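Listed below are the residues making up each chain.
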Amino acid sequence: MAPAAMTFASSLSDAQPVSYWLDDPAKPGALPALTGDERCDLLVVGGGYSGLWTALLAKERDPGRDVVLIEGREVGWAASGRNGGFCAASLTHGFGNGLARWPGELATLEVLGDRNLDSIEAAVARYGIDCDFERTGEIDVATEPYQLEELHQMYEEATGLGFTGLEFLDQDALRAEVNSPTFLGGLWDRRGVAMLHPAKLAWGLKQACMDLGVRVYENTRGLDLTASGAGMSVRTPYGRVFARRVALGTNVFPSLVKRVRPYTVPVYDYALMTEPLSAEQLDAIGWKRRQGLGDSANQFHYFRITADHRILWGGYDAIYPYGGKVSAEMDHRPQTYLKLAEHFFRCFPQLEGLRFSHAWGGAIDTCSRFSAFFGTAHGGKVAYAAGFTGLGVGATRFGGDVMLDLLSGERTERTELEMVRSKPLPFPPEPVAWAGIGLTKWALARADANGGRRNVWLRAMDRLGLGFDS
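Residues numbered from 1 in each chain as written. Predicted model: local features only at pLDDT ≥ 70, side-chain atom pairs only at ≥ 80, totals over all residues. Heavy atoms only, no water.

1. Considering the overall build of the chain
When you go through the chain residue by residue, the secondary structure sums to 13 helices and 18 strands. Against the compact-globule benchmark of 23 Å for 470 residues, the chain has a radius of gyration of 22 Å, which places it among compact chains. For the C-alpha atoms alone, the extent of the chain along its principal axes is close to 65 × 45 × 45 Å. Across the chain, contacts joining residues at least 24 apart in sequence account for 76% of those joining residues at least 6 apart. The centroid of the 48 positive side-chain charges in the chain is displaced by 8 Å from the centroid of its 56 negative side-chain charges. (Helix = DSSP H or I, 4+ residues; strand = E, 2+ residues; numbered from the N terminus. Rg over C-alpha atoms; globule rule 2.2 N^0.38 Å. Contact = heavy atoms within 4.5 Å. Lys, Arg positive; Asp, Glu negative; His and termini not counted. Charge placed at Lys NZ, Arg CZ, Asp CG, Glu CD.)

So, in structure tokens, the structure goes:
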């Protein structure tokens, strides 16, 4: 191993192979599993953000509704406890993706997204959820000249359409906010993103649900879904739940509605967390306003500073397992950790000698349009939301509202959206999916190395509305 690589490796020598967020003494103990039969008005399957928000909103809408939530492991153990803690207003995976896919309703989607983030902030305050919620905004960073041009173009398009809250930063202005020699400029969304502790949000939502009367069962996996009289039945390892309506918040895990499965694939994403920075190290990088940051490459990094002055650094590699199988062995990838460490010190050379305390990975439910899709099954008695593609911290609350609207049969502003009424293109079966995703990743890496120029394959994918992202 070259000397530089040895330096990067040594920064990882004490890193614990577990999510920093889940490695917390505030983590609650697991609740008992379901044994025997349960009956309820609404069964929510999945104890991540999607299921938790759905259960909470169901009780807020109708306090008398009898709600049960089942979770296959422990609440928040999967993506909800492993992400970067970026809680975005965007429901469309960013302004650019929304403009490309739903230009006619983008203004409505932006309003609904802003309203959704405001509602999350209000719920955190109302239920006393201690999750380090900070409305800092996020800066999209350019590290190459072509990225700076693209960000400026996006700024002009957004402001031309009447969107506010964006600030274009030149190199000096950006480096005054966060100091890195790699930064050329950026676009700051001042109010559209909050930073938070993702696992504490999940645990707080769990407690809020229970306080409102939701019965929560952990280590209770939903095994199959069948019609039962006027309602539905879900079999679990030790029992069954009979419910009038079912909401599926299983996201990256195989849906109990089998025809939904081709619409998502798991993508494994990885992150590092540093030890706490000293006062001198903090002074060397600035970052006093604690914004979230993400660079603008196809293979991008996301990074933020925590309440205890650590830096989370994640992204870049997006690993698709052949066959789309979710497995614990994919949760760690040392070669990616080493790559991330190298990239970190390239971005912040003034932090040489800093060490990483945690290194982990997890699966994201990706769909071909990068943002969530919705639907019903079994004559409207079952609803689902999936495909959040990395922006689920905020958008899952909106998804919960959509599922409840669909289950009630209501026509609402949400259910009338083309985004809600349409589906992404499904991924093809293997080995075509593996080959196509591999070719796309190769093409995206080439584009990053060639001034952002997209080759014939990527241009064809763009025309078809297909993509691959984390």
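That was the structure; now back to the text.
2. Some points on empty space enclosed by the protein
This structure, assessed with the given rule, holds one cavity of 30 Å³ or more. Size it by volume and the largest cavity reaches roughly 40 Å³. Taken together, Ser90, Leu91, Thr92, His93, Phe370, Ser371, Ala372, Phe388, Leu391 and Ala395 form the lining of the largest cavity. Residue composition of the lining of the largest cavity, by class: six nonpolar, four polar and no charged. (1 Å grid on protein atoms, 1.4 Å probe; cavity = no way out; pocket = protein on both sides within 12 Å on 5 of 7 lines; lining within 4 Å. Points joined across faces, edges and corners; volume = space filled by probe spheres on them. Nonpolar A, V, L, I, M, F, W, Y, C, P; charged D, E, K, R; others polar.)

3. A short note on the layout of surface pockets
By volume, the second largest pocket amounts to about 360 Å³. Lining the second largest pocket we find 17 residues, and of these Thr143, Glu144, Asp295, His301 and Arg346 sit closest to its centre. Looking at the lining of the second largest pocket, the elements with two or more residues in it are α5 (145–160), β14 (301–305) and α9 (334–347). Of all the elements, α9 adds the most residues to the lining of the second largest pocket, at three residues. Across the lining of the second largest pocket, the residue classes tally to seven nonpolar, six polar and four charged.

4. Things to note about the environment of glutamate 71
Along the chain, the position of glutamate 71 falls in the loop between β2 (67–70) and β3 (86–88). Residues glutamate 71 and threonine 220 lie 149 residues apart in sequence; the distance between their C-alpha atoms is 5.4 Å. Excluding residues within four positions of it along the chain, glutamate 71 makes contact with Gly46, Gly47, Gly48, Trp77, Tyr217, Glu218, Asn219, Thr220 and Arg221. A distance of 2.6 Å separates a polar side-chain atom of glutamate 71 from the backbone nitrogen of glycine 47. (Polar contact = N/O pair within 3.5 Å; in protein donor to acceptor, adjacent residues only side chain to side chain.)

5. Some details on the side chain of arginine 310
For arginine 310, the position within the fold is in the loop between β14 and β15 (311–315). Within the structure, the side chain of arginine 310 is placed 3.4 Å from the side chain of tyrosine 20, a separation counted as a polar contact. For arginine 310, the contacting residues outside a window of four places in its chain are Tyr20, Met273, Thr274, Glu275, Pro276, Leu277, Arg304, Ile305 and Ser357.

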